[in-house]
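Chain residues, written in single-letter form:
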Amino acid sequence: MKFPRVPFSVTLLCVVFVRPPAARAESPAARPPGGDARCERMIDSLLRVMTLEEKVGQLVQITGWHRDAHSGPSVSPEQRALIERGELGGIFNIWGARATREAQQIAVEHSRLKIPLIFGLDVIHGYRTTFPIPLAEASSWDPAMVERDARVAAVEASASGVSWTFGPMVDIARDSRWGRIAEGSGEDPYLGSLLAAARVRGFQGNDPASDSAIAACAKHFAAYGGAEGGRDYNTVDVSERTLREVYLPPFRAAVDAGALTLMSSFNEISGVPSTSNRWLMTGVLRGEWGFRGFVVSDWTSITELINHGVAADTPRAAALALHAGVDADLQSGAYLQCLPALVREGIVPVAELDESVRRVLRVKCALGLFADPYGRCSESRERTDILTPAHVAQARRAGTESIVLLKNDNATLPLARTLGTIAVIGPLAADSVDPLGPWDAMGRPSDVVTLLEGISRAVAPATKVLYAQGCTIEGNDRPDFAAALGAARSADAVVIAVGESREMSGEASSRSTLDLPGVQGALVEAVAATGKPVVLVLMNGRPLSITRELKQANAVLETWFLGVQAGNAIADVLFGAVNPSGKLPVTFPRTVGQVPIYYDHKNTGRPPLDTEKYTSRYIDLPSTPLFPFGYGLSYTTFAYGGVTVSPATMDSGGAVTVSVRVKNTGTRAGTEIVQLYVRQNVGSVTRPVKELKGFRRLTLGAGESAPVEFTVAWGDLVMTTASGRRAVEPGTFTVQVGTNSRDVGEAPFAVAAPPAR
Ligand code: BGC
């Protein structure tokens, strides 16, 4: 949970209070919304009777108020007055059936038009049942699981009065210095799009009006992850082609899945801040994609237009943002302060204001808030539906699916449950706070199963578990090194948990190095020098450059931040109850100097060749990453047969079938994520060296094999041509199928030129 940083204060002097007309409209807000048309009719009648201030109020979102550090959020006296006057559309960072019911009561019982409030919260990877962070869940390559987890998050949050989450975060990120890489699905637009849609479906359920649904908010629109130097909030300069092919697809997928809202990003895109970007917010989003929900600004991003240097003052910032298509103002106060006067002076057309109000009311109606404003404030559901055993079990399963096995020399893993002594070492081994990860909503350390607890529960009764912290995550002191080495020496195997604190990723947490912080690297080295089998368990919110540690450890598990069931999930994998199947959704660099690094790069005129100086490479590093996108091992092994494509030529509007046989060549059952990549060999513009176009989760018993077929359809090959058209260019293509983006078998096919007319 992130608490308000910038105190919001309403400058009442700027607000001209207009007395509402005496005649009351026939309480339109009380009518059930029914279908879309009924919502629109109700909104029409509301718009006819709303005062200017009431209209603007619908566009205002402000953060909940905390009387002191101990009480939960509530409504401040100032906010209460606004709600009573019908001048507040919603409050965010407020939760709890009681607190939200009390606030809602003010709106629907004491305001003139009784328009319900919407309650927002960053429910990013769970509400109280904290699931793995999104980057971790992306490692599962399992959209169905991701959807189920978002559903649980919605069930829990909605029981507590929340009607709107500021998620999913669907920003593509290719620079792991950027702390917010933890909140998204990694570097790939295809995987990112599938997971964006899955989360939207999970949050909103089958019917957004149901009490257990919360409105999704795809953020941050757009290209926020492209920040220069990986520095949060920084400038983004990106071509329209890259924007459309890399950054926008997950947003499009979220919109197509029915996302009710989007959030504008803090950054500029090639000179135009998103929050004032009419081309993006209105042209692309509404014009091209047909989005009918509302867009909310990011936290004070409207007044930040002044710092960007595109608005001279707050009124101009407000006018620019509204005109661009940013309907609601999160926390800056600019709309509340300035829109009434701007409309009165004719600077902002009433029609523009009305359109934004309509969009906000449409979402409230779609959520069923008019029909039952209290449906989501259920103290009984809050008691029964949160952190249930089923939800916790689901978090454990999600945890195991999110783990990526990066190294396993000589089958170090799985460990035997019956080992005599296991040493559990490292600053994250007994940590119950950091596994919650950034943006953990209502996650509580007391709900977290630590790695030490997970291991202690999993081993046989006679197995001795020794623990030493070794060192802290950051800092240079080594008071506990000796104890750690002592434990390691007397153990049969060592599990060492190192990585980052959760504050080191997430918002405003960019790093300039990707090394293990503090003296953790030295701890790993010293423990490895004992000669005992060492299993490195990484907990972190971004890819780390672990080149050295990788050599020192016998086995390495990337576990990210796995949430409340972290310890159990890791133990499930360590001792083989679960065979790991996760695959990296993001490339691991050898050193920070390689970023941005991603698999679907262009070839350049001088593709890197480590033996050739005058090629596109660094002279002091191999040109390959430490781990490629899609990488992940299993306790079993899989062999791929030859790849075939049929027919050899795809006709205009047609498709080809790609086939491969995959065999489990090991001694235990396992799940392989079979990946399909396509390359357009020659185009009117340069094309990526490969692009993920499909994948399949395949579970095979020991010795079992199965055919896998993919369809590559015409639509999968559409790109932006040199003349700016969206089309498929005839020519030769290569399909690649394999266990990760590097280790693939390939086969050619052609795309026929369209028949001459
Ligand atoms: C973040 C958003 C978040 C909002 C509300 C902003 O600082 O960028 O992602 O939804 O705060 O908490």
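This one's a predicted model, so the numbers in the text were calculated from it and none came from an experiment.

*Asks:* It is not clear to me how the site of the ligand should be interpreted in this structure. Could you clarify?
*Replies:* Neighbouring the ligand are 13 residues; Asp122, Arg180, His220, Asp298 and Glu507 lie closest to it. Taking Asp122, its side chain carries an N or O atom lying 2.6 Å from an oxygen atom of the ligand. The contact in question runs from an oxygen atom of the ligand to an N or O atom on the side chain of Glu507, over 2.8 Å.

*Asks:* Honestly, the state of the cysteines in this entry has me stumped. Any pointers?
*Replies:* Per the counting criterion, the structure on display carries one disulfide. Across the disulfide from Cys39 sits Cys365; the S-S distance is 2.0 Å. Taking the sign of the S-S torsion, -80° for the link of Cys39 and Cys365, the bridge is left-handed. One end of the pair, Cys39, is in helix α1 (residues 36–49); the other, Cys365, is in helix α14 (residues 350–366), with 326 residues separating them in the sequence.

*Asks:* Help me understand the nonpolar core, please; the structure alone is not making it clear to me.
*Replies:* General note: in soluble globular proteins, nonpolar side chains tend to be found buried as a group. Core analysis: the biggest nonpolar cluster contains 186 residues, and Tyr127, Phe221, Leu339, Leu406 and Leu574 have the highest contact counts within it. Counting residues per element, this core draws most heavily on helix α13 (residues 334–344), at seven residues. The residues touching Leu574, leaving out its near neighbours within four places in the chain, are Leu413, Pro414, Leu415, Leu451, Ile455, Val495, Val535, Leu557 and Tyr635. Counting residues in hydrophobic clusters, the runner-up holds 25 residues, among them Phe638, Met650, Val660 and Val751.

*Asks:* How should the packing of aromatic side chains be read in this particular structure?
*Replies:* Here a ring pair, both rings aromatic, is described through the centre-centre distance and the interplanar angle of the planes. Per the stated rule, a full pass over the model turns up 18 aromatic pairs. Ring plane angle 75° and centroid distance 5.1 Å describe the contact between Trp141 and Phe695, whose orientation is recorded as edge-to-face. Here the residue Trp141 occupies a position in the loop between α5 (134–138) and α6 (143–159), and Phe695 occupies one in strand β24 (residues 691–700), the gap between them amounting to 554 residues. The same class applies to Trp141 as to Phe695, namely buried. For the ring pair Trp178 and Tyr224, a centre distance of 5.0 Å and an interplane angle of 85° mean the geometry is edge-to-face. Placement of the pair is Trp178 in the loop between β6 (164–165) and α7 (189–204) and Tyr224 in the loop between β7 (217–221) and α8 (240–247), with a sequence separation of 46 residues. Assessed through its relative accessible area of 0%, Tyr224 is described here as buried. Through a chain of ring-to-ring contacts, the aromatic side chains of Trp141, Tyr190, Tyr599, Phe629, Tyr677 and Phe695 assemble into a single cluster. A cation over a ring is seen here: Arg174 above Tyr598, with NZ or CZ 4.1 Å from the ring centre. We note Lys219 situated over the ring of Trp439; from NZ or CZ to the ring centre the distance is 5.3 Å.

Cut-off values and rules
Residues numbered from 1 in each chain as written. Predicted model: local features only at pLDDT ≥ 70, side-chain atom pairs only at ≥ 80, totals over all residues. Heavy atoms only, no water. Near = heavy atom within 4 Å. Polar contact = N/O pair within 3.5 Å; in protein donor to acceptor, adjacent residues only side chain to side chain. Disulfide = S-S within 2.5 Å. Helix = DSSP H or I, 4+ residues; strand = E, 2+ residues; numbered from the N terminus. Core = buried A, V, L, I, M, F, W, Y, C linked by side-chain atoms within 4.5 Å. Buried < 20%, exposed > 50% of the residue type's maximum accessible area, 1.4 Å probe, protein only. Contact = heavy atoms within 4.5 Å. Phe/Tyr/Trp six-rings, centres within 6.5 Å; stacked < 30°, edge-to-face > 60°. Lys NZ or Arg CZ within 6 Å of the ring centre and 35° of its normal.

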